[in-house]
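# Geometric and topological summary
What follows is the residue order along each chain.
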Amino acid sequence: MSIACYVLVHNIAKRHNVGTLARSATAFGVSEVILVGRRDFNAFGSHGSTSHLRFRHFHSLSEARQFLKEKDCDICGVEITDTAMAVNQHPFKKSTAFLLGNEGTGLSAKECEICDFFVYIPQYGCGTASLNVTVAASIVLHHFGVWAGFPERTREGSKFVVAERPVKQVSRNYCAEKADAVIEERKARRENASNGFFDESGHSNSASNLLDALFVDD
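Residues numbered from 1 in each chain as written. Predicted model: local features only at pLDDT ≥ 70, side-chain atom pairs only at ≥ 80, totals over all residues. Heavy atoms only, no water.

The chain is annotated in an unreviewed UniProt entry as Putative TrmH family tRNA/rRNA methyltransferase of Morella rubra.

Here you go:
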């Protein structure tokens, strides 16, 4: 059985965290980073690792869940809950997508609803209530890679060998979409704007949230 690992990010508050998260994702064998809601992100901190990852976008959590279930993939929420299991117990059964919540508030009730199970990271010191989302992701992804038996990357000297960058690159830090999906999103945004709707963060749509252009190959 082929095991795959996914990272599911829903409206992450600090967009630069996606870049740092991408660096950990490619280090620990993640197949895809799935963005739900906001499509734009800041690649700061990625050190070029975003070019080695596939990014996929969905407008809603239900769409993302359907995609993952079609791949026979569990969805694991990284959150302290009553039923959460310690990640070092490796409570995994098959391909898994790890859902990371907002840095300040954690996973919402809507996000928890799509999760099949939860893991938490045990702490042994008394100085902090939680970890940064990218630090938490790194720990969880490493544990999953150990459980899944992913082959260790070749080393050269004191570092791991980095693969050649893919030929096709994108010109902006947006998750690419097909043209018809972009048209539908723009239509929905116009309708929401005319009705006075706001996005989930409580702010009106700004230029940085709008998809002004499709990806083009460099």
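To continue, consider the pattern of salt bridges. Under the definition given, this model contains six salt bridges. The residue R56 makes a salt bridge to E32 at a minimum N-O spacing of 2.7 Å. With R56 in strand β3 (residues 54-58) and E32 in strand β2 (residues 32-36), this pair connects stretches of sequence that are 24 residues apart. With a relative accessible area of 8%, E32 lands in the buried category. Members of the salt-bridge network, linked through shared partners, are E32, R54 and R56. (Salt bridge = Lys/Arg side-chain N within 4 Å of Asp/Glu carboxyl O. Helix = DSSP H or I, 4+ residues; strand = E, 2+ residues; numbered from the N terminus. Buried < 20%, exposed > 50% of the residue type's maximum accessible area, 1.4 Å probe, protein only.)

Counting buried positions over the five residues of strand β6 (residues 96-100) gives five, a clear majority of the element. Both faces of β6 are covered, namely the face carrying T96, F98 and L100 and the face carrying A97 and L99. Taken together, the five bridges between strand β1 (residues 5-10) and β6 define a ladder with parallel strand orientation. Note that in β6 the partner of C5 across the bridge is T96. (Pairing = 2+ DSSP bridges.)

Turning our eyes to something else, we now look at the confidence of the model for the chain. On average, residues of the chain score 76 in pLDDT, and 65% of them reach the 70 mark or higher. Note that residues 169-174 has pLDDT below 50 and, in this model, 22 contacts with residues that lie over four places away or in other chains. With pLDDT under 50 throughout, residues 192-218 is counted as low confidence; its partners more than four residues away or in other chains account for 44 contacts. (pLDDT = per-residue confidence, 0-100. Contact = heavy atoms within 4.5 Å.)

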